[in-house]
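# Reading the structure
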Amino acid sequence: MNSLLQNLFEFKRPDSIGVKLYLRLFELFSVCYTLIYAWDWGFYILRISDVVLPLGLANYIDVEIFFGNSLPLISAGLISGLAVVAFFSRRYKWLYILIFLLLHLQYVTRFSLGEIPHSSNLIGFSILGLGLAFCFINNRWKALSFAYGFLVFFVGLSYTSASISKLVASGISWVDGNHLWLWIAEKSTDVLSAEGSYTLTWVQELALQSRLIATIILIIGLVTEICAFLFWWKRLRPYITLLLIGMHIGIYYSMNIWFMSYLIELSIIGFPWYKLFNYLDEKYNLQNRNNLLKYL
Amino acid sequence: MKKFTKYKFILFAILALNIVLVATHEGEFWPFSIFPMFSQAGNPWSRGVLERVENNNDSTIWNTKTLSDIRRRAVSLDSIGVDAIDYANFVAKTEDWNQKRIAGLRDLLNINEYPDARWMATRVSGYLTEEDSVVVEAVPLLLFTRDTTYKNPKIFQDK
């Protein structure tokens with residue numbers, strides 16, 4: 001257990017410029033995507049007038065109060081203001097927990113029409129992790145390390161949970177290639193609906209030609225998801241990241257589903273960029289030359 | 001490893017909260033989820049396509065069609081700023097097409113901004129046959145005009 005916690009939360013040379021720069025980069029990315037989602041969802045809520053499927057807190061709060069007025073934009077503005085304050089201040093970083101609650105409300109209001117997307121879940125975990133960290137941990141860098149480890153934990157858990165869901169719901173026959181054929185037809189319909197036309201990708205054509213090839217594609221996807229909990233271990237993290245990124249590219253070509261924020265976030269937390277930053281610091285003496293620490 | 005005590009407590013408290021929330025909310029309580037997407041392999045699905053109706057007098061307008069039949073009449077939802085998945089869920093999951101629900105779909109599609117358009121909300125369903133081939137059917141549900149919504153008489157016979 002302690003070995004796992006070490007792998008999740010501990011950095012070698014935690015006071016180095018590389019680790020600090022890396023953690024601030026993770027925080028900056030989380031804040032940027034929070035703003036993107038807050039405004040994107042805020043503007044979309046303006047055209048919603050009915051709740052088809054209540055999610056999360058919408059089961060307990062009537063989110064229809066956000067319909068037909070400018071409350072969604074006020075909420076997005078509030079989230080933005082709080083996020084800027086939280087990112088740049090040292091005293092008010094606990095505001096992240098408030099931002100998380102507001103973003104949750106924005107999500108359940110935006111997705112009250114029946115769609116349950118998972119593309120923003122990692123950002124949700126990031127902001128929740130930052131909020132918890134700064135509520136309970138005083139040292140800023142230790143709090144950021146905790147938030148990073150918290151996200152790493154839930155990334156591994158999420159993908160592995162997805163594979164367990166598949167095996168529980170469909171058993172090992174989930175990987176049968178004709179299931180991929182059915183999903184290709186479904187996603188082609190979605191693309192037709194979104195774009196007014198569609199053409200099959202080369203991966204889809206390949207899968208539709210042979211049930212065996214379609215089955216192999218599904219096996220690769222399932223095995224990758226099953227192995228995702230290995231993301232918790234530092235040494236394996238870059239390799240699992242590559243597998244997960246490869247899987248997402250495969251999902252894009254076979255199912256037309258693109259998870260941009262996942263790919264960027266995986267690329268940030270999955271590779272030890274802090275080693276590169278430390279190397280650059282040692283080679284070019286960035287810290288003393290630019291007084292970088294002052295700005296972090 | 002005393003230094004991790006607090007970390008461990010927060011992590012497991014949130015993990016427990018995660019389990020409780022997804023267990024009591026059908027697997028979803030953002031950002032917590034069991035991530036069930038595509039777990040139901042081989043199950044029939046329903047999506048939605050917005051069709052452009054070119055000839056209102058066509059007697060086959062309410063007939064069930066194939067995806068190829070409606071392919072060139074599909075309206076790009078991106079081009080009118082509507083999320084295709086939202087639209088698909090609205091069309092596929094609504095069972096009772098009451099006035100509020102129809103008004104909600106008209107609002108989502110911004111029908112008032114396109115007074116000359118004649119659009120049809122079509123439910124597209126796919127399933128696997130016993131021979132393991134895929135069949136896709138397009139069933140027209142609603143026809144929108146400037147100020148009226150017509151329901152498919154073959155489906156909504158009692159209305």
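Residues numbered from 1 in each chain as written. Chains lettered and ligands numbered in written order. Predicted model: local features only at pLDDT ≥ 70, side-chain atom pairs only at ≥ 80, totals over all residues. Heavy atoms only, no water.

Under the annotation held in an unreviewed UniProt entry, chain A carries the name HTTM domain-containing protein and is attributed to Halalkalibaculum roseum.

### Side note on the nonpolar core
Ranked by size, the top nonpolar core spans 132 residues in total, and within it Y96, F146, F150 and I269 of chain A together with Y87, L105 and L109 of chain B carry the most contacts. Contact partners of L109 of chain B, with chain neighbours within four places excluded, come to L50, L77, I80, V82, Y87, Y114, W119 and F144 of chain B. Counting residues in each nonpolar core, the second largest holds 13 residues, with V49, A74, V124 and V136 of chain B among its members. (Core = buried A, V, L, I, M, F, W, Y, C linked by side-chain atoms within 4.5 Å. Buried < 20%, exposed > 50% of the residue type's maximum accessible area, 1.4 Å probe, protein only. Contact = heavy atoms within 4.5 Å.)

### Structural notes on the confidence of the model for chain B
Confidence in the prediction of chain B, expressed as mean pLDDT, is 90, and 96% of residues score 70 or more. Reported confidences for the modelled complex are a pTM of 0.87 and an ipTM of 0.91. (pLDDT = per-residue confidence, 0-100.)

### What to know about the pairing of strand β3 (residues 45-52) of chain B
All names here are of chain B. Burial analysis of β3 places six of its eight residues in the buried class, the great majority of the element. Bridge count between β3 and strand β5 (residues 119-128): eight bridges; the pairing is antiparallel. Counterpart to E51 in the pairing with β5 is M120. (Helix = DSSP H or I, 4+ residues; strand = E, 2+ residues; numbered from the N terminus. Pairing = 2+ DSSP bridges.)

### Quick look at helix α1 (residues 2-9) of chain A
Within the span of α1 of chain A, buried status applies to L4, L5, N7, L8 and F9 of chain A. Lining the buried residues of α1 of chain A we find α6 (140-170) and α10 (237-255) of chain A together with α1 (5-24) of chain B.

### A closer look at the packing of aromatic side chains
Counted according to the given criterion, the structure contains 44 aromatic pairs over all chains. With a centroid separation of 5.0 Å and 20 degrees between ring planes, the pair formed by Y107 of chain A and W30 of chain B is classed as stacked. Placement of the pair is Y107 of chain A in helix α4 (residues 95-110) and W30 of chain B in the loop between β1 (28-29) and β2 (32-33), with the two residues belonging to separate chains. Neither residue differs from the other here; Y107 of chain A and W30 of chain B are each classed as buried. Note on F146 of chain A and F150 of chain A: the rings are 5.9 Å apart at their centroids and 40 degrees apart in plane angle, and the pair reads as tilted. Of this pair, F146 of chain A and F150 of chain A both sit in helix α6, four residues apart, which is roughly one turn of that helix. For the pair F146 of chain A and F150 of chain A, a shared accessibility class is recorded, and that class is buried. The rings of F9, F125, F146, F150, F153, F154, F229, W232 and W233 of chain A together with F4, Y7 and F32 of chain B are connected pair by pair, giving a single aromatic cluster. Positioned over the ring face of Y44 of chain A is R110 of chain A, at 3.8 Å from the centre of the ring. (Phe/Tyr/Trp six-rings, centres within 6.5 Å; stacked < 30°, edge-to-face > 60°. Lys NZ or Arg CZ within 6 Å of the ring centre and 35° of its normal.)

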